[in-house]
Structure formats: structure tokens, C-alpha cells
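Architecture and fold: a report
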Amino acid sequence: MRWLLFLMLLAFISCSEKDESIAEELSDGKWIDLSYDFSDKTIYWPTANGFKMDTSFNGTTPGGFYYSAYNYCAAEHGGTHLDAPVHFAKGKWAADEIPLEKLTGAAAIIDVSGKALKDADYLISVNDIEAWEKTNGKLKDDIILLFRTGYGSFYPDAKKYLGTDERGLDAVAKLHFPAIHPDAAEWLVKNRKIKAVGLDVASVDYGQSKDFRTHQILYEQNIPGFENVANLDKLPVKGAFVIALPMKIKGGSGGPLRIVAIVPGKE
Ligand SMILES: [Zn+2]
């Protein structure tokens, strides 16, 4: 009996110590906001409805107190947003079905901006991933993999960011921005265990893609995508912890995403 009490006490102590260390690390770390705000400047796919916010009320009420409330309306895929796997893979997770474990975790950042900023049709290759691994070690299992193309610096200038500021179906052929080569996506699902993929452009497939194969390959494996991710230049290549919480739209193919990272240690 005494032994049991001792063991229970030990378990309690180690448990509370662990709790404290998580709290300490969180309060010591630096939070980085990886989401853009939503407004009439927010970048949407040329065929998607943009963000609209109408004032329901803003001012002093007859009761003498201030009150404001708005109605908003937008497509799922615009601004910083989630692509749920079901966006390109039938039967896979919808926005509300993705386990929180897949949306949170350690992140690795692969910077390809040196090449991508010189070529708006740049495709991130297996070589880029291998080059990162040569310097930083093999990508850890269950990593959230973020690619930095440098195009975030153009946001929200659609002409520079997307290659065109035109809207509608005809504008789609004029899109030019870098993203992930389908071969690199294939290599990742076969050779590495990644939780989610994100990048600082409007799509995981490059602007000129016609078949969206990178979407298909990743989402078929229930790997969610984060698009139009902000501030990737503020993250270390590894060591950051990402929390990506989308709007929980039941059956949604995606949705607005509040994504943040915590980087350990004070500035
Ligand atoms: Zn999307």
C-alpha cells in the first residue's frame, strides 16, 4: 500500500514538472504570426470570391453604449488558408476532420528564394530538399514542412505575387508563381513522414500548373496544405513549433487559417 502511494506521488511530481516545463518554454518563446489579415486587399484565386465585410452596426446604441458587429463572406481558398485533403482527394479529411496532431508540430523551413525569385515558374525539386538535409540533417518524422519562396515579400500586390492582378477564368492562364514540383511531392510521401506542407505562395502547385498533381499526390495521403503563409523569413530553418488552426467548417475543402509559430528562447 505504501509502495502504491509512493508511486502515485512520484507520478504526480513528474507530471507537474512536465506541465511546468511546457508552460515555461511557451512563455519564454517568441510567437510569430504566420497569417495575413483578412480584408478587401486579401489575395484570392482569380475565380474565387474575395473577402467581403459589411457593417451590421457600428456606433452608439440607443442605450448609450458603443457596439460594433459585421457580416463577412469569402471563398474558402484565399489569404492564409488551409487546403483540407478532400480539396483534391475524394473521401479524405475535410477541414473539420483533420486531427489537431496533424496541424501542430515541429517545423522545418526550406528556403528556395534564391532560385524562385529569379524564376516565377520555379519548381521546388528533390534536390532542394536534399540540399537542406545535407546541411541540417534528415527531415524528422512528423515534421510540418514549410517552403519559403520569397514571394511573401510581394503580398498583397497580386501582379507580383500571382503574376497577374486580373480576375476571372481567363486570368488563370496568366498565373506565374513558384511551388512544389510533383516529383518532389512524390518523393516526400514515399521517403519522408510529413504532417503538413505550407508555403508563401497561393498554391502548392505552381502558377502554370494545369493538372494540380502536387495537390493530388499530397492530399491523397491525407497531408493538409497551408497556402499564403506569412512571415516565413522570421523562422529559423528548424526548431520552431507551428500551430495551424483553420476555421472548423463542417465538410469544408479548406478555410481561413490562423497559423502561428513559437520559437524557443527569448530574443
Ligand atoms: Zn487552397
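Now for a look at the structure at hand.

What counts, and at which threshold
Residues numbered from 1 in each chain as written. Predicted model: local features only at pLDDT ≥ 70, side-chain atom pairs only at ≥ 80, totals over all residues. Heavy atoms only, no water. Axes fitted to C-alpha atoms, helices over the stretch in contact; angles between N-to-C directions. Helix = DSSP H or I, 4+ residues; strand = E, 2+ residues; numbered from the N terminus. Parallel < 35°, antiparallel > 145°, perpendicular 65-115°, else oblique. Contact = heavy atoms within 4.5 Å. Nonpolar A, V, L, I, M, F, W, Y, C, P; charged D, E, K, R; others polar. Donors = N, O, S within 2.8 Å, 3.2 Å for Na, K, Ca; no water. Tetrahedral: all angles 85-135°; square planar, octahedral: opposite > 155°, others 65-115°. Buried < 20%, exposed > 50% of the residue type's maximum accessible area, 1.4 Å probe, protein only. Pairing = 2+ DSSP bridges.

Right, let's get into the packing of helix α6 (residues 182-191) against helix α7 (residues 213-220). At a minimum axis distance of 8 Å, the contact between α6 and α7 shows a crossing angle of 10°. Classified by the angle between their axes, α6 and α7 sit roughly parallel to one another. Of α7, the residues touching α6 (which contributes P182, D183, A185, E186 and V189) are R213, T214, I217 and L218. Partitioning the contact of α6 with α7 into residue classes produces 5 nonpolar, 1 polar and 3 charged.

Right, let's get into the coordination of the zinc ion. For the zinc ion, the full set of protein donor atoms is H77 (ND1), H81 (NE2), D83 (OD) and E227 (OE), and the range of their distances to it is 1.9 to 2.4 Å. Here the zinc ion is ringed by 4 donor atoms whose angles at the metal span 74 to 164°, and the overall shape comes out irregular. Expressed as a motif, the donor residue spacing for the zinc ion is H-x3-H-x1-D-x143-E. Placement of D83 in strand β4 (residues 81-83) and of E227 in strand β10 (residues 225-227) is noted, with a sequence separation of 144 residues between them. Taken individually, D83 and E227 each receive the classification buried, so the pair is uniform in this respect.

Right, let's get into the pairing of strand β11 (residues 238-246). The two faces of a sheet get side chains in turn, since along a regular strand they alternate between them. Alignment of strand β5 (residues 104-111) against β11, held across 5 bridges, turns out to be antiparallel. The residue bridging A108 from the neighbouring strand is K238, located in β11.

A few words on unusual backbone geometry. Going from Y155 to P156, the amide bond is cis rather than trans, its omega being 5°. Note that P156 resides in the loop between β7 (143-148) and α5 (158-161). Here the phi dihedral of N222 falls at roughly 60°; this positive angle occurs in a residue that is not glycine. Structurally, N222 is set in the loop between α7 and β10. Positive phi, normally seen in glycine, also occurs at N228, with a value near 55°. Assignment of secondary structure puts N228 in the loop between β10 and β11. A relative accessible area of 2% means that N228 is categorised as buried.

The analysis is restricted to geometry; functional conclusions fall outside its scope.
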